[in-house]
Amino acid sequence: MSTSPKQALLKEYALVAQALAAPARLMLLEQLAQTEAAVEALARKTGLSVANASQHLQQLRRAGLVTSRRAGKAVIYRLKDARSIALMGLLSEVAEANLAQVTDILDGLSGEAPAPEPITRADLAERLAQGAVTLLDIRPEDEFAAGHIPGAQNTTLADLDRLLPALDPEAEVVAYCRGPYCIYAHQAVARLRHHGFNARRMAGGLPEWREDGRAVSTEPGCSDGPTSAVTW
């Protein structure tokens, strides 16, 4: 019996779903949402072997989620379609709304006190324009250098405590990281609030900010002190 057009379509749709059905591939997509990268760099970032990362990337490529190019001997991967970022976000939203275990894990990141509602990207852009917020990018330095929200200062969780004395205790602090699968911003906000700061995270991460059509900078960020006003 021949395959019906509907069955053929569903098979292709399922190929995309199957490509998302592995934590390792979700980690690779999260990394590629920051910037394009070579297989070796992606393996290092995700803790996979180069061979394993390559196999997962090939599955993502077969599903049309990533594409690649050669640069000398290196194979450079990138997201094929920016709508994959929206797909990743929707996946996390559905899981958070319907899986109690997801909610429990996220609640555990904030410690004993309930986490505040995240600030929307539109509201953050307005507050940055007013110079009314301190913005922290909680990602590794190389990801920050590849692109960040203008006016953000870069710090990691490991260095956050050293940064605290330089932060204005009266200013609102907003943290962001990689996107819907990243927990760095959740953890940073919990630590900041534990130290008495008025802190919350931005909804989404750098990829969502960029896909909104908002400015992204590759200029070096501030090393200490509150962020300055940004002209939009």
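A word on the overall build of the protein
Working step 1: Per the secondary structure count, the protein includes 11 helices and seven strands.
Working step 2: In summary, the protein has a C-alpha radius of gyration of 19 Å against a globular reference of 17 Å for 232 residues, a match within 12%.
Working step 3: Here the C-alpha coordinates of the protein stretch approximately 70 × 45 × 35 Å along the principal axes.
Working step 4: Considering only contacts in the protein between residues 6 or more positions apart, those separated by 24 or more positions represent 68%.
Working step 5: Summed over its atoms, the accessible surface of the protein is roughly 12,600 Å², and 53% of this surface lies on carbon and sulfur atoms.
Working step 6: Side-chain charges of the protein comprise 24 positive and 27 negative groups, with the mean position of each set lying 11 Å from the other.

Some words on a negative patch on the surface
Working step 1: A surface patch of like charges, here negative, comprises Glu93, Glu96, Asp104 and Asp107.
Working step 2: When residues of the negative patch are traced back to their parent elements, those giving at least two are α5 (83-98) and α6 (100-109).
Working step 3: For Glu96, the position within the fold is in helix α5.

Structural notes on the nonpolar core
Working step 1: The biggest cluster of nonpolar side chains holds 23 residues, and the ones touching the most others in it are Leu29, Leu57, Leu60, Leu65 and Val66.
Working step 2: Counting residues per element, the ones that place at least two in this core are α2 (23-32), α3 (39-46), α4 (50-62), β3 (74-79) and α5.
Working step 3: Setting aside anything within four residues of it in sequence, one finds Leu57 in contact with Leu28, Leu32, Val39, Leu42, Val66 and Tyr77.
Working step 4: The next biggest cluster of nonpolar side chains, apart from the first, holds 17 residues, and it includes Leu136, Leu157, Val173 and Ala185.

So, the environment of Asp168
Working step 1: You can see Asp168 is positioned in the loop between α9 (157-163) and β6 (172-176).
Working step 2: One polar contact links the side chain of Asp168 to the main-chain amide nitrogen of Glu170, over a distance of 2.9 Å.

Quick look at the layout of surface pockets
Working step 1: Approximately 1,300 Å³ is the volume attributed to the largest pocket.
Working step 2: Along the wall of the largest pocket there are 47 residues; nearest its centre are Glu96, Leu106, Pro180, His186 and Arg201.
Working step 3: Among the elements of the structure, α2, α5, α6, α10 (184-194) and β7 (199-201) are those that each provide at least two residues to the lining of the largest pocket.
Working step 4: A per-element tally of the lining of the largest pocket places α5 first, with eight residues.

Observations regarding empty space enclosed by the protein
Working step 1: If you walk through the whole model with that rule in mind, you get one cavity of 30 Å³ or more.
Working step 2: Counted as a void, the largest cavity has a volume near 40 Å³.
Working step 3: Broken down by secondary-structure element, the contributors of at least two residues to the lining of the largest cavity are α5 and α11 (206-211).
Working step 4: When its residues are assigned to classes, the lining of the largest cavity shows five nonpolar, two polar and three charged.

Observations regarding the sheet that holds β3
Within a sheet, each strand pairs with its neighbour through backbone hydrogen bonds, oriented either parallel or antiparallel.
Working step 1: Judged by pairing direction, the sheet is antiparallel, and its three strands sit side by side in the order β1-β3-β2 without closing on themselves. Of all the strands in the sheet, just β1 (37-38) and β2 (66-71) have a single pairing partner and so form its edges.
Working step 2: Pairing between β1 and β3: two bridges, direction antiparallel. Counterpart to Ala38 in the pairing with β3 is Ile76.

Considering the pattern of salt bridges
Should their charged atoms come close, side chains of opposite charge can pair.
Working step 1: For the structure shown, the criterion picks out 13 salt bridges.
Working step 2: Between Arg69 and Glu36 there is a salt bridge whose closest N-O contact spans 2.6 Å. Remark: Glu36 occurs in the loop between α2 and β1 and Arg69 occurs in strand β2; sequence separation between them is 33 residues.
Working step 3: Residue Arg69 is classed as partly exposed on the basis of its relative accessible area, which comes to 39%.
Working step 4: Judged by relative accessible area, which is 35%, Glu36 ranks as partly exposed.
Working step 5: For Asp212, the salt bridge is made with Arg214, and the minimal N-O distance between the two is 3.7 Å.
Working step 6: Through salt bridges with shared partners, one network takes in Glu30, Lys45, Asp142, Glu143 and Arg178.

Some thoughts on the confidence of the model for the protein
Working step 1: For the protein, per-residue confidence averages 92 on the pLDDT scale, and 94% of positions sit at 70 or higher.
Working step 2: Note that pLDDT drops below 50 for residues 223-232; the model gives that stretch 31 contacts with residues more than four away or on any other chain.

Observations concerning a nonpolar patch on the surface
Working step 1: Taken together, the side chains of Leu9, Leu10 and Tyr13 present a nonpolar region at the surface, about 320 Å² in accessible area.
Working step 2: Secondary-structure assignment places Leu10 in helix α1 (residues 5-19).

Criteria and thresholds
Residues numbered from 1 in each chain as written. Predicted model: local features only at pLDDT ≥ 70, side-chain atom pairs only at ≥ 80, totals over all residues. Heavy atoms only, no water. Helix = DSSP H or I, 4+ residues; strand = E, 2+ residues; numbered from the N terminus. Rg over C-alpha atoms; globule rule 2.2 N^0.38 Å. Contact = heavy atoms within 4.5 Å. Areas by Shrake-Rupley, 256 points an atom, 1.4 Å probe, with all protein chains shown as cover. Lys, Arg positive; Asp, Glu negative; His and termini not counted. Charge placed at Lys NZ, Arg CZ, Asp CG, Glu CD. Patch = residues over 30% accessible without salt bridge, like charges linked within 9 Å, V, L, I, M, F, W, Y side chains within 5 Å. Salt bridge = Lys/Arg side-chain N within 4 Å of Asp/Glu carboxyl O. Core = buried A, V, L, I, M, F, W, Y, C linked by side-chain atoms within 4.5 Å. Buried < 20%, exposed > 50% of the residue type's maximum accessible area, 1.4 Å probe, protein only. Polar contact = N/O pair within 3.5 Å; in protein donor to acceptor, adjacent residues only side chain to side chain. 1 Å grid on protein atoms, 1.4 Å probe; cavity = no way out; pocket = protein on both sides within 12 Å on 5 of 7 lines; lining within 4 Å. Points joined across faces, edges and corners; volume = space filled by probe spheres on them. Nonpolar A, V, L, I, M, F, W, Y, C, P; charged D, E, K, R; others polar. Pairing = 2+ DSSP bridges. pLDDT = per-residue confidence, 0-100.

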